[in-house]
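The residues making up each chain are set out below.
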Amino acid sequence: LTERGRSDVTIALIADHGENLGEHDLFFHHGGLYRETTHVPLIIAGPQTLAARTDALVSSIDLGPTLLALAGIARDWGRGRDMVSIIEGTDRGRDVVFSEHMLGWLVSARTRDRTMIWHRGTSNQFPSYPIIEGTREVYDRSRDPGEQNPMVDSSDSALVRALDAFFASAQRNLAVHKTVDPDALRSLGYVQ
């Protein structure tokens, strides 16, 4: 790009999900919402980016606001946050990040040290990992970084409240964006 006179271009590379390579007896097809499928690479390079790494919790919905901030474009909409402030140290990142899979039948809330995976539907798409409505898997990653042994008490109230707030926010966002056709979203599998 520089050779073509385009040194002003910012490039972002991100994956939408990871893959299972035998972890949790899952192979490929990104089943489950364990770290292997939710922790993805993100690389942003351009004339205004900072050379930095962070272990802050961020979400893929933060990419858009970050690119807009790098381009100097103000925004006052959406749930995403500008990651530039995290790199600069003026923001510590999110307290909780969320993931969804299988038409929202699996959802997760992840903090720095805990993960809750909530089965909101039932499916046997993954024979080694049955998805059973109502099941909640909670992991204390400070003691179990590989998310191998769910805690006996799966009622982590902070994560349950975070997931409830996540769903309430999603409903509010759908109500605000009246130009979005709910039937179109449903046909794409985004809304049940």
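Whatever comes next refers back to the structure up there.
Residues numbered from 1 in each chain as written. Predicted model: local features only at pLDDT ≥ 70, side-chain atom pairs only at ≥ 80, totals over all residues. Heavy atoms only, no water.

**Some points on the packing of aromatic side chains**
The final tally for this structure, using the stated rule, is 3 aromatic pairs. With 5.9 Å between their ring centres and 70 degrees between their planes, Y34 and Y139 make a pair best called edge-to-face. Taken together, the residues span a long stretch of sequence, with Y34 in the loop between β1 (11-14) and α1 (35-38) and Y139 in strand β6 (residues 136-140) at a distance of 105 residues. The pair formed by Y34 and Y139 is uniform in burial state, with each residue classed as buried. Members of the aromatic cluster, each reached through a chain of ring pairs, are Y34, Y129 and Y139. Over the face of the ring belonging to W118 we find R120, whose NZ or CZ atom lies 5.9 Å from the ring centre. Note that R136 overlies the ring of W118, its terminal NZ or CZ placed 4.7 Å from the centroid. (Phe/Tyr/Trp six-rings, centres within 6.5 Å; stacked < 30°, edge-to-face > 60°. Helix = DSSP H or I, 4+ residues; strand = E, 2+ residues; numbered from the N terminus. Buried < 20%, exposed > 50% of the residue type's maximum accessible area, 1.4 Å probe, protein only. Lys NZ or Arg CZ within 6 Å of the ring centre and 35° of its normal.)

**A closer look at the pattern of salt bridges**
Tallied over the full model, the rule gives 6 salt bridges. With its nearest N and O atoms 3.2 Å apart, the salt bridge here joins D8 to R6. (Salt bridge = Lys/Arg side-chain N within 4 Å of Asp/Glu carboxyl O.)

**Overview of the side chain of E147**
When you line up the elements, E147 lands in the loop between β6 and α4 (157-176). Looking at E147, its side chain comes within polar contact range of the side chain of R110, at 2.8 Å. Setting aside chain neighbours within four positions, we find E147 in contact with H24, Y34, R35, R110, T115, Y139 and R141. (Polar contact = N/O pair within 3.5 Å; in protein donor to acceptor, adjacent residues only side chain to side chain. Contact = heavy atoms within 4.5 Å.)

**Overview of the sheet that holds strand β5 (residues 114-119)**
To summarise the sheet geometry, strands pair through backbone hydrogen bonds and adopt either a parallel or an antiparallel arrangement. The strand order across the open sheet formed by 4 strands is β3-β4-β5-β6, and the pairing between neighbours is antiparallel. Strand pairing shows two members of the sheet lacking a second neighbour, β3 (97-101) and β6, which therefore form its edges. On average, adjacent strands in this sheet sit at an angle of 15 degrees to one another, irrespective of strand direction. (Pairing = 2+ DSSP bridges. Axes fitted to C-alpha atoms, helices over the stretch in contact; angles between N-to-C directions.)

**A short note on the nonpolar core**
Counting residues in each nonpolar core, the largest one holds 12 residues, listed as V96, V107, A109, M116, W118, V138, L159, V160, A162, L163, F166 and F167. Elements represented by at least two residues in this core include exactly β4 (106-110), β5 and α4. The element best represented in this core is α4, accounting for 6 residues. Not counting the four nearest positions on each side in its chain, M116 is found in contact with V107, S108, A109, R136, E137, V138, S154, D156, L159, V160 and L163. Within the second largest apolar cluster, 10 residues are counted, among which are L26, L33, L106 and Y129. (Core = buried A, V, L, I, M, F, W, Y, C linked by side-chain atoms within 4.5 Å.)

Structural measurements only, silent on function.
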